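Coordinate analysis (summary)
Each chain is listed here by its residues.
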Amino acid sequence: MKLVTAIIQPEKTDQITQALGSFGVQGMTISQASGYGRQRGRTQVYRGAEYTVDALPKVRVEVLVPEEDCDEILGVLILSANTGTAGDGKIWVTNVEEVIRIRTGERGKLAV
Ligand SMILES: Nc1ncnc2c1ncn2[C@@H]1O[C@H](COP(=O)(O)OP(=O)(O)OP(=O)(O)O)[C@@H](O)[C@H]1O
Ligand SMILES: [Mg+2]
């Protein structure tokens with residue numbers, strides 16, 4: 001199992017979640033987030049550090065997927081999230097040890 005986490009532009013949320021739904025994901029978690037990437041951290045280090053950061057609103061989309069679906073999901077995300085502009089977002093993939101459906105006790109792939 002993999003956990004695909006995508007940090008996306010809030011205004012792309014509907015398009016991206018619909019694209020994932022059409023692909024057939026079984027579920028997803030959507031949360032408000034804020035953060036910055038390469039453009040936002042402004043550092044002036046000159047005898048004592050001054051450091052300002054402007055965190056922008058973002059949306060975090062998390063999807064648990066069987067390993068064999070991961071690449072396709074990444075493709076769907078990249079296609080629907082990319083506008084070619086800075087700030088389009090970032091996606092990362094993490095290994096997941098276990099997933100449990102609370103109601104049934106099912107585990108692993110069956111629980112996704
Ligand atoms: N290294 C990182 N670690 C954790 N979160 C990150 C990291 N880089 C970006 N993010 C998250 O992703 C969001 C979008 O990042 P962003 O698309 O600006 O990345 P970038 O590396 O600056 O690429 P680009 O040059 O296309 O803007 C950030 O607001 C932040 O929430
Ligand atoms: Mg950026």
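What counts, and where the lines are drawn
- Throughout this description, residue numbers start from 1 for each chain and increase along the sequence as written.
- Here chains are named by letter from A upward and ligands by number from 1 upward, in the order in which they appear as written.
- The predicted nature of this model means local features are confined to residues of pLDDT at least 70 and side-chain atom pairs, given and counted, to a pLDDT of 80 or more, with totals for whole chains, interfaces and linings taken over all residues.
- For the side-chain quantities, the full set of heavy atoms in the structure was used; hydrogens and water were omitted.
- Axis lines are fitted through C-alpha atoms, for helices just across the contact stretch, and the angle between N-to-C directions can take any value from 0 to 180 degrees.
- Elements are defined by DSSP. Helices are runs of H or I of four residues or more, strands are runs of E of two residues or more, and each kind is numbered from the N terminus.
- What sets the label is the angle itself: under 35 degrees gives roughly parallel, over 145 gives roughly antiparallel, 65 to 115 gives roughly perpendicular, and the rest give oblique.
- A crossing counts as left-handed when the near helix is turned anticlockwise from the far one by less than a right angle, and as right-handed when that turn is clockwise.
- In this analysis, two residues are considered to be in contact whenever any of their non-hydrogen atoms come within 4.5 Å of each other.
- For this document, the term salt bridge refers to a Lys or Arg side-chain nitrogen within 4 Å of an Asp or Glu carboxyl oxygen.
- Summary of the burial criterion: residues with accessible area below 20% of their type's maximum are buried, those above 50% are exposed, and those between are partly exposed, where the area comes from a 1.4 Å probe applied to protein chains only.
- By convention in this text, a residue qualifies as near a molecule or strand provided that one of its non-hydrogen atoms is within 4 Å of it.
- Polar contact is defined as a pair of N or O atoms within 3.5 Å, subject to the rule that within protein one atom must be able to donate a hydrogen and the other to accept it, and that residues adjacent in sequence are counted only when both atoms are side-chain atoms.
- Using a 1.4 Å probe, accessible areas were evaluated by the Shrake-Rupley method; residue-level cover was limited to the displayed protein chains.
- A 1.4 Å probe that fits into a set of points on a 1 Å grid over the protein atoms alone but cannot get out defines a cavity; an open set with protein on both sides within 12 Å along at least five of seven lines defines a pocket, and lining residues are those with an atom within 4 Å of a point.
- For this analysis, a molecule is said to be in a pocket or cavity if more than half of its atoms are within 2 Å of the grid points defining it.
- Strands qualify as paired when DSSP identifies two bridges or more between them.
- For a helix, the expected span equals 1.5 Å multiplied by the number of residues minus one.
- The reported arc concerns the directions from the helix axis to the C-beta atoms and nothing else.

Helix α2 (residues 70–81) packs onto helix α1 (residues 13–23) with a crossing angle of 150° between their chain directions and a minimal axis gap of 9 Å. Viewed along their axes, α1 and α2 adopt a mutual orientation that is roughly antiparallel. As for how α1 packs across α2, the hand of that crossing is right-handed. From α1, Q15, I16, A19, L20 and F23 reach across to α2, where they touch E72, I73, V76, L77, S80 and A81.

Where charged atoms from two side chains of opposite charge approach closely, those side chains can pair. One pass over the structure, following the stated rule, counts 4 salt bridges. Between E98 and R107 there is a salt bridge, with the nearest N and O atoms lying 3.3 Å from each other. For E106, the salt bridge goes to R101, with nearest N and O atoms at 3.0 Å. Judged by relative accessible area, E106 falls into the partly exposed class, the value being 28%.

We now examine the site of ligand 1. In the region of ligand 1, 13 residues are neighbours, and R38, Q39, G87, G89 and K90 sit closest. Contact distances for ligand 1 include 3.2 Å between an oxygen atom and a backbone N or O atom of G35. A distance of 2.8 Å separates an oxygen atom of ligand 1 from a polar backbone atom of G89. Within the complex, 69% of the 610 Å² of free accessible area of ligand 1 lies under protein. Put simply, ligand 1 lies in the largest pocket.

This brings us to the pairing of strand β5 (residues 56–65). Pairing geometry for strand β1 (residues 2–8) and β5, over 7 bridges, is antiparallel. In the strand pairing of β5, V4 is matched with V63.

The subject of this paragraph is α2. Between its first and last C-alpha atoms α2 spans 16 Å; for 12 residues at 1.5 Å apiece the expected length is 16 Å, and the two agree. Residues of α2 that are buried: C70, I73, L74, V76, L77, S80 and A81. Taken down its axis, α2 places every buried residue within 160° of arc, on the same side. Exposed residues pointing more than 90 degrees away from the buried face of α2 are listed as D71 and L79. In this structure, the buried side of α2 is in contact with β1, α1, β5 and β6 (89–95).

Next up on the list: α1. Helical geometry: 3.6 residues make up each α-helical turn, so side chains three or four residues apart lie on a common side. Looking at α1, one finds that the buried residues are T13, I16, T17 and L20. Along the axis of α1, the buried residues cluster in a sector spanning 95°; they form a single face. Exposed and facing more than 90 degrees away from the buried side of α1 are D14, Q18 and S22. Buried residues in α1 make contact with β1, β2 (29–35), β5 and α2. Two residues or fewer past α1, G24 is found with a positive phi of approximately 110°.

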